[in-house]
Number of protein chains: 2
Amino acid sequence: MINKLIEKIKKTNAPIVVGLDPMLSYVPQHIQKKAYQEYGETLEGAGEAIWQFNKAIIDATCDLIPAVKPQIAMYEQFGLEGLNAFSKTVKYAKEKGIIVIGDIKRGDIGSTSMAYAIGHLGKVQVGDKQYTGFDEDFVTVNPYLGTDGVKPFVDVCKEEKKGLFILVKTSNPSSGEFQDRIVDDRPLYEWVGEKVAQWGQECMGDEYSYIGAVVGATYPEMGKVLRQIMPKSYILVPGYGAQGGRGKDLVHFFNKDGLGAIVNSSRGIIAAYKQEQYGKFGEINFADASRQAVLDMIEDITAAF
Amino acid sequence: MINKLIEKIKKTNAPIVVGLDPMLSYVPQHIQKKAYQEYGETLEGAGEAIWQFNKAIIDATCDLIPAVKPQIAMYEQFGLEGLNAFSKTVKYAKEKGIIVIGDIKRGDIGSTSMAYAIGHLGKVQVGDKQYTGFDEDFVTVNPYLGTDGVKPFVDVCKEEKKGLFILVKTSNPSSGEFQDRIVDDRPLYEWVGEKVAQWGQECMGDEYSYIGAVVGATYPEMGKVLRQIMPKSYILVPGYGAQGGRGKDLVHFFNKDGLGAIVNSSRGIIAAYKQEQYGKFGEINFADASRQAVLDMIEDITAAF
């Protein structure tokens with residue numbers, strides 16, 4: 001799947017991923033109204049509104065981008081009906097030929113991580129039959145539990161030829177509280193990066209490993225160091241746009257081959273129509289605004305090289 | 001909710017929690033068969049089998065125990081149908097008067113953690129209406145992202161009078177890989193414990209805080225130190241039984257008031273009928289075997305005092 005991701009990045013010339021993290025407040029009124037007319041102001045109605053919103057954004061951007069990254073929390077907040085919208089979004093994006101990175105940040109002890117890995121990347125056995133659960137192409141994983149909490153995800157990736165992005169240095173303001181603490185003269189996130197590189201050696205694609213890392217755009221200097229520590233790991237870079245990261249901050253997340261990183265923007269793309277810059281599109285044409293925001297983001301990033 | 005948990009622990013005289021982490025292989029043949037007859041060998045059939053299994057175990061043990069801890073990964077592996085079984089289990093346990101600790105180990109950047117907190121502990125707004133998603137009483141949280149990833153959970157707990165157990169030192173073999181690394185002369189997990197104590201000061205119940213910690217039974221010496229660092233935090237102790245922890249290892253997780261810890265057993269209770277010791281019950285009476293295993297666990301733990 002990492003080979004396929006790289007191929008799609010090269011083809012689109014866009015090392016970006018659109019974060020499908022819909023808050024209900026991002027969903028235009030006309031979509032919400034229609035969903036509530038059909039299902040009422042219910043969890044089902046909210047799920048329908050989010051799904052229709054995602055569908056329109058996927059339709060408007062799918063020829064420009066290699067991947068989407070739905071953040072499962074935004075769906076999980078609406079319970080089962082929200083997760084149904086998550087599942088439909090994953091399926092639809094894949095039908096449209098886009099790679100899906102499930103931003104799930106799971107991680108637990110071995111047997112439990114295996115269940116998560118099966119549910120999101122693998123196949124589950126029921127009697128004599130096998131089924132997929134959510135069936136993303138990549139997922140994000142939390143490393144706090146160490147190797148035996150990550151290994152089951154790696155094993156399922158090997159089996160299914162899928163991939164991971166493991167949290168190394170997150171984009172949020174207090175990520176340093178534990179991640180930056182100094183251990184044997186180096187910050188903890190570097191030690192986590194070392195482990196990611198090591199886990200990744202076990203399952204290499206053609207140029208890069210199936211096992212990537214998450215490093216926030218908001219910490220470009222740390223990205224530079226981590227790029228060296230994990231030369232064969234793709235870096236998923238959140239924090240561009242709304243969280244403050246800019247194109248010029250991103251250069252060092254990439255390798256000299258122009259590959260090695262994929263930059264996420266969520267709000268900046270999916271709620272573009274709410275920004276002054278894209279106001280001319282109007283709420284009704286929100287998906288066109290998202291398309292324009294994708295084009296602008298690609299230009300911002302490629303101009304920085 | 002922490003007051004209610006303590007009250008129930010005192011009433012049952014059982015500082016224990018039953019981990020509802022069903023693998024399909026734990027579910028007796030007659031339950032699986034019935035579910036597959038009705039729904040086929042499908043994800044729906046698997047969900048039904050797990051739900052009927054849980055229901056029988058809750059019925060057989062609910063007068064003896066203060067709380068259950070369903071591990072959401074075991075449900076998530078069956079996709080939406082599995083999560084439907086999770087949701088039904090949470091609701092049923094609460095109807096039976098048992099406190100529910102959702103073992104979800106979520107944690108993300110602020111706005112995303114807020115969505116998880118809403119989905120599992122709070123209420124979500126849809127138009128003019130409010131709904132609950134999964135509606136557990138407590139959830140487990142991963143601290144790797146620092147304060148701003150934990151704070152939204154704390155805020156929702158204050159609002160809803162619910163609680164958290166934050167991962168400090170996990171029970172698995174490689175938990176030490178990052179958690180035990182030395183930072184300023186102390187292992188990282190102690191620094192995480194300090195933060196848990198600090199976060200917990202913001203929302204105190206009568207004797208203990210709404211904000212507790214997870215510390216594995218497999219590391220009793222560390223539990224002793226963490227007990228001192230977080231005197232007002234309840235400690236959820238996994239790793240008893242199948243993972244190797246025993247009653248005598250647990251004494252130091254408790255405070256002198258006999259409170260302060262709640263010990264989880266999963267496989268040891270729910271798959272008791274598969275153990276030689278409880279073989280006499282037979283597969284058909286699996287729930288009676290679980291009841292006996294609960295009684296034996298209570299005796300093992302109270303005898304250690």
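Residues numbered from 1 in each chain as written. Chains lettered and ligands numbered in written order. Predicted model: local features only at pLDDT ≥ 70, side-chain atom pairs only at ≥ 80, totals over all residues. Heavy atoms only, no water.

**Comments concerning the packing of helix α3 (residues 43–61) of chain B against helix α5 (residues 79–95) of chain B**
Residue and element names in this part refer to chain B. Look at α3 against α5: their axes get within 8 Å of each other, and the N-to-C directions meet at 20 degrees. Comparing their axes, α5 and α3 come out roughly parallel. α5 is crossed by α3, and the crossing has right-handed handedness. Contact with α3, carried on its side by L43, E44, G47, E48, I50, W51, N54, K55, I58 and D59, involves E81, A85, K88, T89, Y92 and A93 of α5 and no other residues of that element. Residue composition of the contact of α3 with α5, grouped by class: seven nonpolar, three polar and six charged. (Axes fitted to C-alpha atoms, helices over the stretch in contact; angles between N-to-C directions. Helix = DSSP H or I, 4+ residues; strand = E, 2+ residues; numbered from the N terminus. Parallel < 35°, antiparallel > 145°, perpendicular 65-115°, else oblique. Left-handed = near helix turned anticlockwise from the far one by under 90°. Contact = heavy atoms within 4.5 Å. Nonpolar A, V, L, I, M, F, W, Y, C, P; charged D, E, K, R; others polar.)

**A few points about the side chain of B:T89**
All names here are of chain B. Mapped onto the elements of the fold, T89 is located in helix α5. When its relative accessible area of 1% is taken as the criterion, T89 is described as buried. Here the side chain of T89 touches A85 through a polar contact of 2.7 Å, landing on its backbone oxygen. In contact with T89, not counting residues within four places along its chain, are L20, W51, N54, I58 and Y75. (Buried < 20%, exposed > 50% of the residue type's maximum accessible area, 1.4 Å probe, protein only. Polar contact = N/O pair within 3.5 Å; in protein donor to acceptor, adjacent residues only side chain to side chain.)

**Considerations on the interface of chain B and chain A**
Of the residues lining the interface, 72 residues belong to chain B; the matching set on chain A comes to 72 residues. Interface area, chain B with chain A, both sides summed: about 5800 Å², of which 60% is carbon and sulfur. A per-residue breakdown of the area chain B buries against chain A is headed by B:E41, B:Y144 and B:F178, which together make up 15% of the total. Counting across the interface, chain B meets chain A through nine salt bridges. Across the pair B:E41 and A:K129 runs a salt bridge whose closest N-O atoms are separated by 3.9 Å. Between chain B and chain A we count 31 residue pairs in polar contact (both at pLDDT 80 or more) in total. (Buried area = accessible area lost by both parts, 1.4 Å probe. Salt bridge = Lys/Arg side-chain N within 4 Å of Asp/Glu carboxyl O.)

**Some thoughts on the nonpolar core**
One broad rule of soluble globular proteins: the nonpolar side chains tend to lie buried together. Among the nonpolar cores identified, the biggest contains 236 residues, and A:L164, A:M230, B:L164 and B:M230 are the most heavily contacted of them. When neighbours within four sequence positions are excluded, A:M230 is seen to be in contact with A:V168, A:G193, A:V196, A:A197, A:A213, A:V215 and A:I235. (Core = buried A, V, L, I, M, F, W, Y, C linked by side-chain atoms within 4.5 Å.)

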